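Residue-level listing of the chains:
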Amino acid sequence: MLFIKNIKELIQVEDKKNNFRAGAKMQELKRIPNAWLLIEGEKIKDFGPMESLPADLPSGLKECETIDASGKMVFPCFCDSHTHIIYSGSREIEYIDKIKGLSYEEIAKRGGGILNSCLRLRQDSEEALYEAAYERLEEMKSFGTGAVEIKSGYGLDTENELKMLRVIRRLKETSPLTIKATFLGAHAVPAEYKGRQSEYVDLIINEMIPMVANENLADFIDVFCDKGFFTVEETERMLMAGIKYGLRPKIHANELDYSGGIQVGVKYNALSVDHLEYTGEREIAALKASETMPTILPGAAFFLNMVHAPARDMIRAGLPVAMASDFNPGSSPSGNMQLVLSMACVNYRLTPEEAINATTLNSAYAMDCEKELGTIAKGKRANLYITKPIPTFEFMPYAYGSNKVETVILNGKVQ
């Protein structure tokens, strides 16, 4: 057992478990000042205010590890529901091209972007990819992330897409973080299929998806449904094939234009639609009639200097909103969810309460982990972090340039 006492404030607690918070309810953030929390095994056993500590509890804690959190706060770990951390090398030269004014599409047409990462990844071994990705996970953990969704999508052929997914499987087995795997063979059209996009779609449907399913390598299927990438019709074909093999959809949608990606995601009951820079009344109306989580990726919009997704319009319409890092080498080279929390407030005008819900409970839902993660509730997995001494919970998004996390606890164990 692990006992945490004298917690300055216990944040994001739940008595009744919620799947997500939407609309005005995203302002709800239950907190307990001067609190205690008891962990047994991998689960949260109990918690409450110090003055209500059960009389018989201290006697049972003699052999228990105890942490005094005086002046510190305890939060549920961040859930990062959209990342691409299996990659080889960095792409800072393209970063210079962006500074000089080239667009994302222009860089891609010159052989940069995803195709650049594809070329590098194909030359790298599973072991090298695993070691680099594990190091990235450890860095993400140090900032308070406890759950990560990881996509393939830099292989763009059967052999290398499977290679990426096997690396993710190994990370699941060896990392203390909760990890979900997404097959994203439809991240771009590889160079060897230029002018033959429909043939590449056929390859994904007829070869890749069955092999991914046969090895049980993925939890979800994703498609980049956007201008210059895959059409709505192609996306539908691939999603239907994935669903046939038990892979629930997630969609890269409306990052570059009004692509129809949001609507096709809703049509096929996607767990989430992600990016969403181009989201209007029709897209919001489609999402309102669904169980699909709108997921915004602030790091990508910041790094690419793009328009911001209309988060406030979504919340005003009664939608939930999740936020994730999009950690990848080309458009968001950071997995720091504390920075995402700050961007949610500064760039998207979310309140701290809304931003915390967007990066914990709602992002847990976006990776199908909300029953286990995202809040502090009895019986949920003990994925928590203890802050350094901070004055208020609002200090977390406010102090955007420093790491406020002192101790991370995953699966009930101090890391």
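Heads up: the structure comes first, above all this text.
Predicted, not measured: the structure shown is a model, and the values here were computed from it.

Visitor: Got a sec to walk through the overall build of the protein chain? Specific residues and values, please.
Guide: The helix and strand tally for the protein chain stands at 15 helices and 16 strands. A compact globule built from 415 residues should have a C-alpha radius of gyration of about 22 Å, and the protein chain, at 21 Å, falls within 12% of that. Within the span of the protein chain, comprising 415 residues, buried residues form 60% of the whole. With the model as given, the accessible surface of the protein chain reaches about 16,200 Å², and the carbon-plus-sulfur share is 50%.

Visitor: Can you tell me about the nonpolar core, naming the residues and giving the values?
Guide: In terms of nonpolar packing, the biggest core is built from 99 residues, with Ile 86, Leu 171, Phe 183, Phe 230, Met 323 and Leu 350 touching the most fellow members. When residues in this core are grouped by element, the largest group, eight residues, is from helix H6 (residues 197-214). Leaving out residues up to four positions away in the same chain, Leu 350 has contacts with Ala 311, Arg 312, Ile 315, Met 323, Ala 344, Cys 345, Ala 355 and Ala 358.

Visitor: Give a detailed account of the packing of aromatic side chains, specifying residues and quantitative values.
Guide: Within the structure shown, the criterion is met by 11 aromatic pairs. Aromatic side chains Tyr 193 and Tyr 200 sit 5.4 Å apart centroid to centroid with 50° between the ring planes, which places their arrangement in the tilted category. Overall, Tyr 193 belongs to the buried group, its relative accessible area being 17%. Classification of Tyr 200 as buried rests on a relative accessible area of 0%. Where Tyr 258 meets Tyr 278, the ring centres are 5.6 Å apart and the plane angle is 70°; that geometry is what we call edge-to-face. Remark: Tyr 278 occurs in the loop between strand E11 (272-275) and helix H9 (281-288) and Tyr 258 occurs in the loop between strand E10 (248-253) and helix H8 (261-267); sequence separation between them is 20 residues. With a relative accessible area of 47%, Tyr 258 lands in the partly exposed category. Take Tyr 278: its relative accessible area is 26%, and that puts it in the partly exposed class. Aromatic ring contacts, followed pair by pair, group Phe 75, Phe 78 and Tyr 385 into a single cluster.

Visitor: Just give me the short version of the sheet that holds strand E8 (residues 178-186), but keep the residues and values in it.
Guide: The strand order across the open sheet built from eight strands is E6-E7-E8-E9-E10-E11-E12-E13, with neighbouring strands paired in parallel fashion. Two strands in the sheet have a free side with no partner beyond their single neighbour: strand E6 (78-83) and strand E13 (322-323). Contacting E8 and strand E9 (220-225), H6 crosses the sheet at an angle of about 150° to E8.

Visitor: Account for unusual backbone geometry, with residues named and values stated.
Guide: Most peptide bonds take the trans form, and the phi angle of most residues other than glycine is negative. Phi at Asn 6 takes a positive value of approximately 55°, unusual for a residue other than glycine. Within the secondary structure, Asn 6 sits in strand E1 (residues 2-11). Take Asn 6: its relative accessible area is 24%, and that puts it in the partly exposed class. With a phi close to 60°, Leu 156 is a non-glycine residue in the positive phi region. Relative to the helices and strands, Leu 156 is located in the loop between strand E7 (145-151) and helix H5 (158-174). The class of Leu 156 is buried, set by a relative accessible area of 0%.

Visitor: So what's going on with helix H1 (residues 92-99)? Which residues, and what values?
Guide: For H1, the complete set of buried residues consists of Glu 94, Asp 97 and Lys 98. End-on view of H1: buried residues confined to an arc of 100°, all on one side of the axis. Among the exposed residues of H1, those pointing more than 90 degrees away from its buried face are Ile 93 and Ile 99. Among the structural elements, helix H2 (104-109), helix H3 (114-122) and helix H10 (298-304) are those in contact with the buried residues of H1. Positioned one or two residues after H1, Gly 101 has a phi angle of 110°, which is positive.

Visitor: Tell me about the side chain of Glu 354, residues and numbers included.
Guide: Checked against the element boundaries, Glu 354 lands in helix H13 (residues 352-359). Among the polar contacts made by the side chain of Glu 354, one reaches the main-chain amide nitrogen of Thr 351 at a distance of 2.9 Å. Once residues lying within four places of it in the same chain are set aside, the contact partners of Glu 354 are Met 26, Gln 27, Arg 312, Ile 315 and Arg 349.

Rules of the game
Residues numbered from 1 in each chain as written. Predicted model: local features only at pLDDT ≥ 70, side-chain atom pairs only at ≥ 80, totals over all residues. Heavy atoms only, no water. Helix = DSSP H or I, 4+ residues; strand = E, 2+ residues; numbered from the N terminus. Rg over C-alpha atoms; globule rule 2.2 N^0.38 Å. Buried < 20%, exposed > 50% of the residue type's maximum accessible area, 1.4 Å probe, protein only. Areas by Shrake-Rupley, 256 points an atom, 1.4 Å probe, with all protein chains shown as cover. Core = buried A, V, L, I, M, F, W, Y, C linked by side-chain atoms within 4.5 Å. Contact = heavy atoms within 4.5 Å. Phe/Tyr/Trp six-rings, centres within 6.5 Å; stacked < 30°, edge-to-face > 60°. Pairing = 2+ DSSP bridges. Axes fitted to C-alpha atoms, helices over the stretch in contact; angles between N-to-C directions. Arc of directions from axis to C-beta. Polar contact = N/O pair within 3.5 Å; in protein donor to acceptor, adjacent residues only side chain to side chain.

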